[in-house]
Structures are given as structure tokens and as C-alpha cells.
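Residue-level structural notes
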Amino acid sequence: MTAASRAAAVPGFDPEGVATVLRALLPAGDRHALHEPCFAGREWDYVKDCLDTGWVSSVGAYVDRFEHMLAERCGVARAIAVVNGTAGLHIALRLAGVRAGDEVLVPTLTFVATANAVSYCGAVPHLVDSCPTTLGLDPRRLDRHLATIAATVDGQTVNRDTGRPLRAVVPMHVFGHPVDMDGLAEVAARWRLVIVEDAAEALGSLCHGRPIGSFGEVGVISFNGNKVVTTGGGGAILTNRGDLADAARHLTTTAKLPHPWAFDHDQLGYNYRLPNLNAALGCAQVEQLDGFIAAKRRLARLYQERLGALPGIEVVAEPAGCRSIYWLNAVLTPDAASRDALLRACHERGLMVRPAWSLMHRLPMYRECPRADLSVAEALEARMVCLPSGVALARAVFAETTG
Ligand SMILES: *Cc1c(COP(=O)(O)O)cnc(C)c1O
């Protein structure tokens, strides 16, 4: 039996019908990827300036300017630009005090970089469940899980089953939708966990008016080619703590001691600094962020109006009290067979829709990790389809409908 014929068993849900409506909403003729970059501002000018002046590498005015723009935008004291979001998470976890042999609480529903960064520290991801409305880490479920497996020994929370310290928790704001950060702050304080925000997908999102990325001790953004703002590849570490910002700068520049000519390094550092060339692109992109977000939110509303009305389709919406950038729009179908049928029907029409990431506890390197009950994440993953959500696409949709 094919997935499509099994899906027909779910009353009302019609994958061909949903794909047809989606196809008709989007500009005709093209194949549509999930999130393509949009270069509509001063990108060429700034990149050309780097080439004209020779400042293309790890030092230059655009890196400083990019960092200041990000800090201001995200409401933090300092931003440190790095080569990618994964490298940023690696350093952020180090700054949070994560050491070899620790455990770090990570949602199983995330991109693999979140868990990998924990492993780079020699620590072990401890996988936790999702909230059905935010799609992100669920503070109440986390609290209940910790109550069953954790103990406090000399002021440090440890996993009673493994004996390892539970050092930090990494909320990831799925598709830009904010995690319940107030709830998490309470749980993290009770269990003495440091919060490191994986805000890779959420540049510009707000939770009760406050920028995502500014809630944790440290936060991280990504500027990969498919994110709302891209530098080709890139990322940033955000923090309000001057000492952590200085340490981040030091660790990401090979721990080199400042000196006019000598190469001296006082610890094991990393070559994680973002090149000026990439930062130039980033400056031009951040200048356009408000317009990007407006276009994406308008597309999200359109998806909600047109797809939300179809039987068996639930369109994921921003949590109450939050303003999401809708990095990716997502719908929930009735079950896994329906999801597969919708994926197939869309691909047949040139729509490059995608399922959610494979859950971390199903990947070979994380199968044996300690974990909570993960039933909400499993149900979400089984039902989820991500829709084309890029800025240029959103603009094209409304250029067509408004003539
Ligand atoms: C994009 C992303 C990252 C970082 O990705 P890079 O490609 O290394 O910049 C980390 N976590 C999540 C959830 C992401 O979506």
C-alpha cells in the first residue's frame, strides 16, 4: 500500500488538494526551495568595497560594524561574529562552563548542530521533549523530567542515573517561534542550569517585546545561506556579560595575545573569526531585516488563511505574547502517512517542501544518549511539513496578487 492510499484513510485530508492550493498560491513556473537568500540592498557595494580596499579577511571595519548592528538589534551589550552558527554554539557552551563529562539538556527536535556543539565540548546531549504549541523545548516537561532523574549534590544538579553533572540547557527557537523563556528561566534557576540560546533561526523574533537571543547567559545566531540574514556562512555569539564577550573574542581568534609582532597564544584557541568579506554582506542584509520580516510575516498570514481552512491541516502559528519571524512556515498533517503523501504531492508540483529534521535520538551518534519521554517531539516530527518561506518568494507572491 502506498503512503498516498493510506493517507486517504484519514477523513477529509486530501494531500493532492493541499498541494494544488499551495502550488496556486506561489508564482507559477518555478521550483520553490524552502528558503533562498535575498540580496536587494547594498550587498554589492559593501563587498566591492572589501575587494577595492583589500580588507577581505579576519580584520576589517565591516566585522566591527556588523557586530554593533547585531548587538543593537538583539538588545545585548556585545556580539562576536564567527564563521558559522555551529562554531558559535561550541564557544557559547564553553563560555557557559560546559566541560568534558557534563550533560547538556537539548531538545530532540532540532537541527543536528545543537547536539554536535555539545559533543565538541566532550559533553553528552541529554535529550528532552518539545512543547506542542511552540515546537521548542517544554519547560514544564523538563521540570517534571528533572524531578524524576536529577539530584542536587554540593549545589550542582547531577543526573542520578549517570552521575554526570547537568550543566546547561539549550532552548532552540524552532523556525523562529520563541520558546517559553519565562517558564524556562524559572526551571533553569531551580535546577541551577545555565541557559545557552540556540537562536540560529530566530534573528528578529520577540518574546514579550524582548529580542530572542538576549534571554540566555549566551545566545547564538546563524547566517547560513538559508537563514533570514545570510553572510554566505557565518554566525554570532550574543551576551550581556563583558567578561564572556572578551573570552569569546579571545577563543575565536586562536587565543592570540595582543602584540605588534609576536605570535603568542595563552591557551587552546580556535580560528572561528568571521572574515570581513562575509561581514560586509551581513551589514547590507541586516539593514533590510525589518522589510524581510514584514514580507515573511505576510506570507505566513496568507498560508494561515488559505491552508488553515483545509481539512486535516494545522498551520503552525507564533506563540501567544510572541512575534515570530516565521523563518520557516510549517503545517501539521494528521499522521506520518499523510505527511509523506503531502511531501510527494508537493514535489510532483515543483515545491521543495521538507519534513522536520530527523530527531536526535534516532541518529546513530545520539541513539544511546540519556533522554526524557519524547512523545510530543515524535508526534510533531511525524506530522510536520515545512513550506517555502523565503523573502524573495514572499515578495513575488504579493507582487503577483497586487499586480
Ligand atoms: C542553522 C542552525 C544552526 C547553525 O548552523 P550553521 O550552518 O553552522 O550556521 C544551529 N542550530 C540550528 C537550530 C540551526 O537551524
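In what follows, the accompanying structure is described. Please read these numbers as outputs of a predicted model, since none were measured by experiment. (Residues numbered from 1 in each chain as written. Predicted model: local features only at pLDDT ≥ 70, side-chain atom pairs only at ≥ 80, totals over all residues. Heavy atoms only, no water.)

1. Some words on unusual backbone geometry
With glycine set apart, most residues show a phi of negative sign, and most peptide bonds adopt trans. Positive phi, close to 70°, is recorded for Leu135, a residue that is not glycine. Secondary-structure assignment places Leu135 in the loop between strand 3 (124-128) and helix 7 (139-149). Residue Thr254 is not a glycine yet carries a positive backbone phi of 55°. Its location among the elements puts Thr254 in the loop between helix 9 (242-251) and helix 10 (276-286). On the basis of relative accessibility, which here comes to 31%, the residue Thr254 falls in the partly exposed class. (Helix = DSSP H or I, 4+ residues; strand = E, 2+ residues; numbered from the N terminus. Buried < 20%, exposed > 50% of the residue type's maximum accessible area, 1.4 Å probe, protein only.)

2. Some remarks on the packing of aromatic side chains
For the coordinates displayed, the defined rule picks out four aromatic pairs. Consider the rings of Phe175 and Trp357, whose centres lie 5.6 Å apart with planes at 35°: the pair is tilted. Taken together, the residues span a long stretch of sequence, with Phe175 in the loop between strand 6 (166-169) and helix 8 (181-190) and Trp357 in the loop between strand 15 (354-355) and helix 13 (375-383) at a distance of 182 residues. Each member of the pair Phe175 and Trp357 is classed as buried. Between the NZ or CZ atom of Arg65 and the centre of the ring of Tyr46, over which it lies, the distance is 4.8 Å. Lying over the aromatic face of Phe398, Arg298 brings its terminal NZ or CZ to 3.9 Å of the ring centre. (Phe/Tyr/Trp six-rings, centres within 6.5 Å; stacked < 30°, edge-to-face > 60°. Lys NZ or Arg CZ within 6 Å of the ring centre and 35° of its normal.)

3. Here we look at the side chain of Thr231
Relative to the elements of secondary structure, Thr231 occurs in the loop between strand 10 (218-222) and strand 11 (235-239). A distance of 2.7 Å separates the side chain of Thr231 from the backbone oxygen of Gly233, its partner in a polar contact. If we ignore the near neighbours within four places in the chain, the residues touching Thr231 are Phe66, Phe223, Leu274, Asn278, Leu281 and Gly282. (Polar contact = N/O pair within 3.5 Å; in protein donor to acceptor, adjacent residues only side chain to side chain. Contact = heavy atoms within 4.5 Å.)

4. Describing the pattern of salt bridges
Tallying each qualifying case throughout the model produces 20 salt bridges. Across the pair Glu287 and Arg65 runs a salt bridge whose closest N-O atoms are separated by 3.5 Å. Of this pair, Glu287 sits in the loop between helix 10 and helix 11 (289-307) while Arg65 is found in helix 4 (residues 61-74), placing the two residues 222 residues apart along the sequence. A relative accessible area of 40% places Glu287 in the partly exposed class. Assessed through its relative accessible area of 35%, Arg65 is described here as partly exposed. (Salt bridge = Lys/Arg side-chain N within 4 Å of Asp/Glu carboxyl O.)

5. Topic: the pairing of strand 16 (residues 384-387)
Consecutive residues of a regular strand have side chains that alternate between opposite faces of the sheet. Burial along strand 16 is two-sided: the residues Met384 and Cys386 and Val385 and Leu387 are all buried. As paired elements, strand 14 (residues 329-332) and strand 16 share four bridges and run antiparallel to each other. Bridge assignment links Ala330 to a residue of strand 16, and that residue is Cys386. Pairing between strand 15 and strand 16: two bridges, direction antiparallel. Looking at strand 16, one finds that Pro355 is bridged to Val385. (Pairing = 2+ DSSP bridges.)

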